[in-house]
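Each chain is listed here by its residues.
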Amino acid sequence: MRNPVEQDAPRGSGPGMSAELLQRYARAGHEQLGGLGLDGEQLTGLRSLIRESWQRSAQLHANPDNPEAPLAMDREEIEEYRRQHPLAAIMPVIHKLLVLPSYDSGMLVAVGDEVGRLLWVEGDPVMQRRAEGMMFVPGADWSEATVGTSAPGTALALGRGIQIAGAEHYKRSVHPWSCTAVPFHDPDSGALLGVVDITGTESAVAPHTLSLVEATVAAAQAHLRVERLQRAAARQGPPVRRRASPDAGGKGFAGKATSAGPRAVTASSLYRNSLQLLGRDQAVLSLDGRTVTLSARHSEILALLGAHPEGLSAEELSALLYPGSGSTMTLRAEMVRLRRVLQQLNPQAVPASRPYRLPVDLAPDSGQVLSCLQRGAHRIALEIYRGAVLPRSEAPGIVELRRRLSALLREAVLTDGSAESLLRYAELPEARDDVVVRTAALKLLPPRSPKRAAVVADIERLEAELSA
């Protein structure tokens, strides 16, 4: 089997380019990082995914000479955060399949959240101490926007499993390391939950490593689905005795106690409460594994409350909800009906009043897109973005949210997007008549690309319609 880091061969190279030659090209490429252009001609010899990631890293102002990743959460914050994260439930699987073998192979195993913050880092003790020098530790931000090209951050940016070897890393302090990472998606909703990574020396990008991590992620997804089914069955019938599993929240992978002490994974931590607003007129709300399709008005109310976690007064919410002069009496009647719906799903999710505020964390898909755009992961943003926010809503607050999100996504794709991203964006209903996007894609497509003819035809059609 050919080493995956030899795949995706760079321009001008043969399909069997050796790992040693790839490293030589990468080291030569680092000498060009001072030239801010970082165009494709400067970075010849690099694999295309590395070249494109370096270009994104430069555009996001990641610093290749900063030896350490920044700490995004302190110890107390991360212990509480990971106890409540859905990935806590899969740690027994990760521990058995990846962490235990890593002690004998000189590897580290890391699991991060959907924005690239490391939640768990375990494995060979000697390697752990070495990795602390570059802040490859729990709580550190290893997103592509922060540290540049790395397996965890770039796998999240691309939405697929990848391998990064040595000098292919953007940050020079990471050149002694190689790594393989695979994104982890919710087995039920498909939402991005995080990333699983193996980091070490050259063996971390061995031919079998990517397959191993992909198989582990698949096993962990199946484990999470079973956990949820067991929780659902327990709610409907008598208590079921379950075999105790290693604590995944207050302990490390290997069961080492932390200051937070042991704590079981809670039922609510198996799920990420979500609100799907994109490309639909009626939102889909998921709370603790229970899902309901909301009315159009309730969709608007939850979208607005989700966008204002600090809360809104009756007057503020009414102004955002109703065109013209809205009535607070009408709003209060809607809130009574909404509370009844939420009471059936989860009594703890019923909105508070004075101000109106959601008492539980809720992750709207529109918020996920904004988060991705803020950290430069426009490909993931495009993956999540299924269309405009509640497209038929005329609520002033929704109209503004819809306009802002659409404008930010378009700007990000035009500024940093590849031809593939631009063409994907052009398929959205809101970009159906966007000549600028298609012209930008045409400039980036190779001269002999079979896609050029269709893009040219689209541009000519749109220009003809505009001039008619």
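Given the structure is predicted, the values throughout are model-derived calculations rather than measurements.

Participant: I keep staring at the sheet that holds strand S6 (residues 274–276) and nothing clicks. Help me out?
Facilitator: Across a sheet, strands are paired by hydrogen bonds formed along the backbone, either parallel or antiparallel in direction. Pairing within the open sheet is mixed, and its 4 strands lie in the order S8-S7-S6-S9. Of all the strands in the sheet, the pair left with one neighbour each is strand S8 (290–293) and strand S9 (363–364). Across 4 bridges, strand S7 (residues 284–287) lies against S8 in antiparallel orientation. The partner of Leu-285 across the bridge, within S8, is Val-292.

Participant: Help me out: how do you make sense of the sheet that holds strand S2 (residues 118–123) in this one?
Facilitator: Spatially, the 5 strands line up as an open sheet ordered S2-S1-S5-S4-S3, and their pairing is antiparallel. Since the sheet does not close on itself, it has two edges, and those belong to S2 and strand S3 (162–165), each with one partner. Neighbour-to-neighbour, the strand axes of the sheet open up by a mean angle of 20°, direction not taken into account. Across 8 bridges, the pairing between strand S4 (residues 178–185) and strand S5 (residues 192–200) is antiparallel. Paired with Ala-181 across the strands is Asp-197, a residue of S5. Packing of helix H7 (residues 151–158) onto the sheet brings it into contact with strand S1 (108–113), S3, S4 and S5, and relative to S5 it is tilted by some 145°.

Participant: Quick question: what am I supposed to make of the packing of helix H16 (residues 435–444) against helix H17 (residues 452–467) here?
Facilitator: In helix packing, the relevant descriptors are the interaxial angle and the interaxial distance, both defined with respect to the helix axes. For the pair H16 and H17, the least separation of the axes is 10 Å and the interaxial angle reads 150°. The angle between H16 and H17 falls in the class roughly antiparallel. Remark: the crossing between H16 and H17 carries left-handed chirality. Counted together, Val-435, Arg-438, Thr-439 and Leu-442 of H16 and Arg-452, Val-455, Val-456, Asp-458, Ile-459, Leu-462, Glu-463 and Leu-466 of H17 form the full contact between these two elements. In terms of residue class, the contact of H16 with H17 is built from 7 nonpolar, 1 polar and 4 charged.

Participant: Would you mind showing me how to read the pairing of S5 here?
Facilitator: Working note: regular strand, side chains alternate between the two faces of the sheet. By the criterion of burial, S5 is predominantly enclosed, with 9 of the 9 residues buried. Across 6 bridges, S1 lies against S5 in antiparallel orientation. Residue Gly-112 lies in a different strand from S5, and its bridge partner there is Val-195. The turn joining S4 and S5, which pair antiparallel and follow one another in sequence, is formed by 6 residues; a positive phi near 80° is taken by Gly-190.

Participant: Mind showing me how you'd approach the packing of aromatic side chains here?
Facilitator: Aromatic rings considered in pairs are described by the distance between their centres and by the relative angle of their planes. Summed over all chains, the structure comprises 2 aromatic pairs. Aromatic side chains Trp-54 and Tyr-170 sit 6.4 Å apart centroid to centroid with 70° between the ring planes, which places their arrangement in the edge-to-face category. Placement of the pair is Trp-54 in helix H2 (residues 48–59) and Tyr-170 in the loop between S3 and S4, with a sequence separation of 116 residues. Each of the two residues, Trp-54 as well as Tyr-170, counts as buried. Between the aromatic rings of Phe-136 and Trp-142, the centroid separation amounts to 5.1 Å while the plane-to-plane angle is 80°, which identifies the pairing as edge-to-face. An identical accessibility class is assigned to Phe-136 and Trp-142; each is buried. Taking NZ or CZ as reference, Arg-117 lies 5.1 Å from the ring centre of Tyr-81, over its face.

Participant: What is the right way to read the environment of Phe-184 from this model?
Facilitator: Its location among the elements puts Phe-184 in strand S4. Using a relative accessible area of 0% as the deciding quantity, one classes Phe-184 as buried. Sequence-distant contacts of Phe-184, that is, excluding residues within four places in its chain, are made with Leu-87, Ile-90, Ala-191, Leu-192, Leu-193, Gly-194, Val-195, Val-217, Ala-220, Gln-221 and Leu-224.

Participant: Help me understand the packing of H2 against H7 in this model?
Facilitator: In the contact formed by H2 and H7, the axes pass within 12 Å of each other and the chain directions differ by 95°. Comparing their axes, H7 and H2 come out roughly perpendicular. Only Thr-154, Ala-157 and Leu-158 of H7 make contact with H2, whose side of the interface consists of Leu-49, Ser-53 and Arg-56. Here the contact of H2 with H7 is built from residues that sort into 3 nonpolar, 2 polar and 1 charged.

Participant: Where do I start with the pattern of salt bridges in this structure?
Facilitator: Two side chains carrying opposite charge are able to pair once their charged atoms lie near each other. Inspection of every chain in the model, using the stated rule, returns 18 salt bridges. One salt bridge in this structure joins Arg-410 and Asp-434, with 2.6 Å as the shortest N-O distance. Taken together, the residues span a long stretch of sequence, with Arg-410 in helix H14 (residues 396–416) and Asp-434 in the loop between helix H15 (419–426) and H16 at a distance of 24 residues. Overall, Arg-410 belongs to the partly exposed group, its relative accessible area being 28%. The exposure class of Asp-434 is buried, given its relative accessible area of 10%. It is possible to trace a salt-bridge network through shared partners that takes in Asp-186, Asp-188, Arg-225 and Arg-228.

Criteria and thresholds
- Residues numbered from 1 in each chain as written.
- Predicted model: local features only at pLDDT ≥ 70, side-chain atom pairs only at ≥ 80, totals over all residues.
- Heavy atoms only, no water.
- Pairing = 2+ DSSP bridges.
- Helix = DSSP H or I, 4+ residues; strand = E, 2+ residues; numbered from the N terminus.
- Axes fitted to C-alpha atoms, helices over the stretch in contact; angles between N-to-C directions.
- Contact = heavy atoms within 4.5 Å.
- Parallel < 35°, antiparallel > 145°, perpendicular 65-115°, else oblique.
- Left-handed = near helix turned anticlockwise from the far one by under 90°.
- Nonpolar A, V, L, I, M, F, W, Y, C, P; charged D, E, K, R; others polar.
- Buried < 20%, exposed > 50% of the residue type's maximum accessible area, 1.4 Å probe, protein only.
- Phe/Tyr/Trp six-rings, centres within 6.5 Å; stacked < 30°, edge-to-face > 60°.
- Lys NZ or Arg CZ within 6 Å of the ring centre and 35° of its normal.
- Salt bridge = Lys/Arg side-chain N within 4 Å of Asp/Glu carboxyl O.

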